[in-house]
Structure formats: C-alpha cells, structure tokens
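An overview of the molecular structure
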There are 2 protein chains.
Amino acid sequence: MLILHENMESGNAYKVRLLLSLLETPFESIQYDVVAGATRTKNYLTNINKNGRIPVLQFEDGRCLPESNAILYYLSQNTKYFPTDTWEQAKVIEWMCFEQYSHEPFVAVAKFILTMLPENTSRRVEIPTLHEKGNTALQIMEDHLCQHDYVVGKTLTIADICLYAYTHKAHMGSFDMSRFPAIKAWCSRIEKEENYTEMYYDL
Amino acid sequence: MLILHENMESGNAYKVRLLLSLLETPFESIQYDVVAGATRTKNYLTNINKNGRIPVLQFEDGRCLPESNAILYYLSQNTKYFPTDTWEQAKVIEWMCFEQYSHEPFVAVAKFILTMLPENTSRRVEIPTLHEKGNTALQIMEDHLCQHDYVVGKTLTIADICLYAYTHKAHMGSFDMSRFPAIKAWCSRIEKEENYTEMYYDL
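Every chain's residues receive numbers from 1 upward, in the order its sequence appears when written. Each chain gets a letter, beginning with A, and each ligand a number, beginning with 1, in the order they are written. Confidence filtering applies because this is a predicted model: local features only for residues at pLDDT of at least 70, side-chain atom pairs given and counted only at 80 or more, and all residues used for totals across whole chains, interfaces and linings. Only heavy atoms go into the side-chain values, all of them from the structure, while hydrogens and water stay out.

The next point concerns unusual backbone geometry. Here A:Ile54 and A:Pro55 are connected by a cis peptide whose omega angle stands at -5°. One can find A:Pro55 in the loop between α2 (42-47) and β3 (56-58). Although it is not a glycine, A:Asn195 sits at a positive phi angle of roughly 70°. Tracing the backbone shows A:Asn195 in the segment after α7 (181-191). Although it is not a glycine, B:Ser174 adopts a positive phi angle of roughly 65°. Secondary structure elements follow DSSP: runs of H or I of four or more residues count as helices, runs of E of two or more count as strands, with numbering from the N terminus.

Our next topic: the interface of chain B and chain A. Only heavy atoms enter the contact rule, under which two residues are in contact if any of them lie within 4.5 Å. Taken together, the contact between chain B and chain A spans 31 residues of the former and 31 residues of the latter. Together, the buried faces of chain B and chain A total about 3000 Å²; carbon and sulfur atoms form 67% of this surface. Two parts placed together each lose some accessible area; with a 1.4 Å probe, that loss summed over both constitutes the buried area. Considering only the surface of chain B that becomes buried against chain A, B:Tyr73, B:Trp87 and B:Tyr101 emerge as the three largest contributors, covering 23% of it. Salt bridge, as used here: a side-chain nitrogen of Lys or Arg that lies within 4 Å of a carboxyl oxygen of Asp or Glu. Counting across the interface, chain B meets chain A through two salt bridges. The salt bridge involving A:Glu94 is made with B:Lys50; its shortest N-O contact spans 3.6 Å.

A side chain of one charge can pair with a side chain of the opposite charge if their charged atoms are brought near each other. Residue and element names in this part refer to chain A. Summed over the entire model, instances satisfying the criterion amount to 14 salt bridges over all chains. One salt bridge in this structure joins Arg17 and Glu6, with 2.3 Å as the shortest N-O distance. Here the residue Arg17 occupies a position in helix α1 (residues 11-22), and Glu6 occupies one in strand β1 (residues 2-6), the gap between them amounting to eleven residues. The pair formed by Arg17 and Glu6 is uniform in burial state, with each residue classed as buried. With a shortest N-O distance of 2.7 Å, Lys91 and Glu94 are connected by a salt bridge. Here Glu94 and Lys91 lie together in helix α4 (residues 86-116), a separation of three residues that amounts to about one turn. Only protein chains enter the accessibility calculation, which uses a 1.4 Å probe; a residue is then buried when its area is under 20% of its type maximum, exposed when over 50%, and partly exposed in between.

Let's shift gears to the pairing of strand β1 (residues 2-6) of chain B. Residue and element names in this part refer to chain B. When you tally the buried positions in β1, you get five out of five residues, the bulk of the element. Relative to strand β2 (residues 27-31), β1 runs parallel, the two sharing five bridges. The residue bridging Glu6 from the neighbouring strand is Gln31, located in β2. The path from the first strand over the helix to the second decides the hand: if it runs clockwise while the strands point away from the viewer, the crossover is right-handed. For the crossover that starts at β1, traverses helix α1 (residues 11-22) and ends in the parallel β2, the hand is right-handed. For two strands to be treated as a pair, DSSP must find no fewer than two bridges joining them. Bridge count between β1 and strand β3 (residues 56-58): three bridges; the pairing is antiparallel. Looking at β3, one finds that His5 is bridged to Val56.

Functional significance is not addressed by these values, which are geometric in nature.
Below, the structure written as structure tokens:
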C-alpha cells in the first residue's frame, strides 16, 4: 500500500490526500510533528526526503517522491485530473509554479504563524507583508476565476487541487476572503466533487 | 516567431534561452528593466503576465506562457530533454519544485541583492540567512551529483537546465562554490553540450 509521510495541518499534504480520495486510492498515513523537528532526523533525511519536508509519497518498492506538486503530477497521469492537451498541461504546470512561488509562501505561512506558533511569536511582524503578497496572489486567482469555472480547461485538474489546499483555509491566516467571491464559488464547486474529502480540522 | 519577454540578468529567463538554444529554436528577445518596474505596467499586466514577472514565452498566435519551469516543460515535450518514463517525469517535476521553493529564493536573491541593488541597500542584512538556506540546497544537489551525472536519469533534462541557471552563477551571490566539486563537474558537463549558450555576462 502507498504510504503518505505527512502532517494533518499541512495544506501541501492535504493536496495529496484530496487527490488520493478523488481517485479512491487507499493509502497509509504516517504523521510527523514538523515543528518539533520530526522530519529533520537522520533517518528521515536519509531514507525519506533529503530536504526534510513533508509530504512524501512512498511506494511499495520503497521509492520516495517528495514535493506535493510532483506527487500530484505522478498520481494524475492517465486520469481525468491531468489534461491530454500539451498547452493545457503547460498551463497546469504554470499554475502549480505560481502556487509554490507566489501563493504558498504567503498564504500558507500566515496560517502557520497564526495557528501553529505561540501567540507571542516574534514572527507576527511578518503578517502585514504576508497579507499584502498573499492578497496579490488571491486577486490574480479571483480575476481568473471570474471568467473560468476551473483554473485550466473546463474540468477539475491538479491545478485546482494544488491551489485549493491553502486557499480554502486562507481565513485561518486572517485573510479577508469576503473580497474574493469567485474564489468562494470555485471552492464550492470543488467541495461538491464525488469523493471530495475535507482537511482534518478548522479554526 | 516566438517572443521571449525577459531580462538578460535573470536566471529564470536564461533557463528558457538555454533550452531554446539547445533545441536550435529561433526567438525574438524583448528586454525589460524589472527593477525599474517595466513588468508592472498596465499593458504588461493585462497582455503579457498578470503576475508581473519575467520570463514569458509568447507564441505567434499571441498566447502567453509565464513561469520558467512551465515554459521548460512545454518546450521539452517530445524532445530528449523530457523523459518518457512517468517516474522520471515526476522526478523532473520534483527537482523543478525543489528549485523554485528551496533553491531559487535564496541562491537567486543573494545574487540579486549583491549585483542589482545599490551597495548600501538595507537588504544586505538578508545575506547570512540566504547563504545558510542556499547552502542547504546546494549541499542537497552536491550529495545527489556525487552519485549521478545528471539530476534525473542518465542524460540532460530540463531538471538540469532549471537547476543549472542560478547554480552556475551562485558565486555572484558570494556563495563559496569550492565546497561543491560535484556541482562544478556537472556544470562542466552541461557546458560541453552541443548548442550550449552562456548567460550574457558575469562579474
């Protein structure tokens, strides 16, 4: 059986759980306390991911695949969640790159600071900048989703799954999501998918 | 003819120039002064890239593809620079994600601060942290390249092209590259490729 090395509070891990659920693919979850350093042990760095991050998908033969978006790519091949048209494939990769570079470092990190660190953490000073840059990313999504039901093409792809993960929990990082009605409608569409699964918890 | 919206000092743009050169694909280059805001004009944001970044590859029919790694993906389809095996494809995506998330924000930004901003910029305070995180990424590459001639599989792929761009100019961000002999040997292998092209300048 597939093993997912992960953490329930990670949107990056949730991307993979969501796709596995949509695909009705069974897997075993192994949870790591990332804040406590459980992914920085010698064993983890040597055998699971040299970069010390979750999620990692491990196959029955022991091979490990890190990077949430690479896992989405692998699992979606020859399924309806990855387009067959090369241009649409490239647009999926484009939006996944956008997520990793222009969205996740702000939207996810605001949530992390406000929900995972102590209330008196000095990192709260980062929040205004994270909100400014995160809102820029969310506005780009909003403008796009005003004109499109899904991020690429006319159906759900891994580009949606990738962006949905941290976007639908952005309020936990104190983003004002009432500014983004098209994002809200898109989230509702995704949540109606057969075999959709929620993240573990909410605040 | 293809149009590359870019800047000569951008490693992300150079990735695309290098692959276009290897493929012997002609293109027109349009240069933007990013620091002066040339990619934040209304025209650029509306017609080229809503995210205000370079590089963007524009096709003859006007379609635009942003995100350097998405451009690499698109251009490499059905060429020897993208593997046919699904596992190797996923490993290429994994390393491109690694580059965007764990390498470029440190290795590229150190170069940017030290070569593109005024000598008295307050951003020089970021350099020690950028070096610490960038060296972690470079060490992961070094350990991998000690055992492999290329990043994925046995030949040059877009994973190499992606990682090579900022790595081979990391010294411009004051990274001590003498620590990484396997990276140096790998760079030399890439530089011997037929139709290899250099970045525009060096310091």
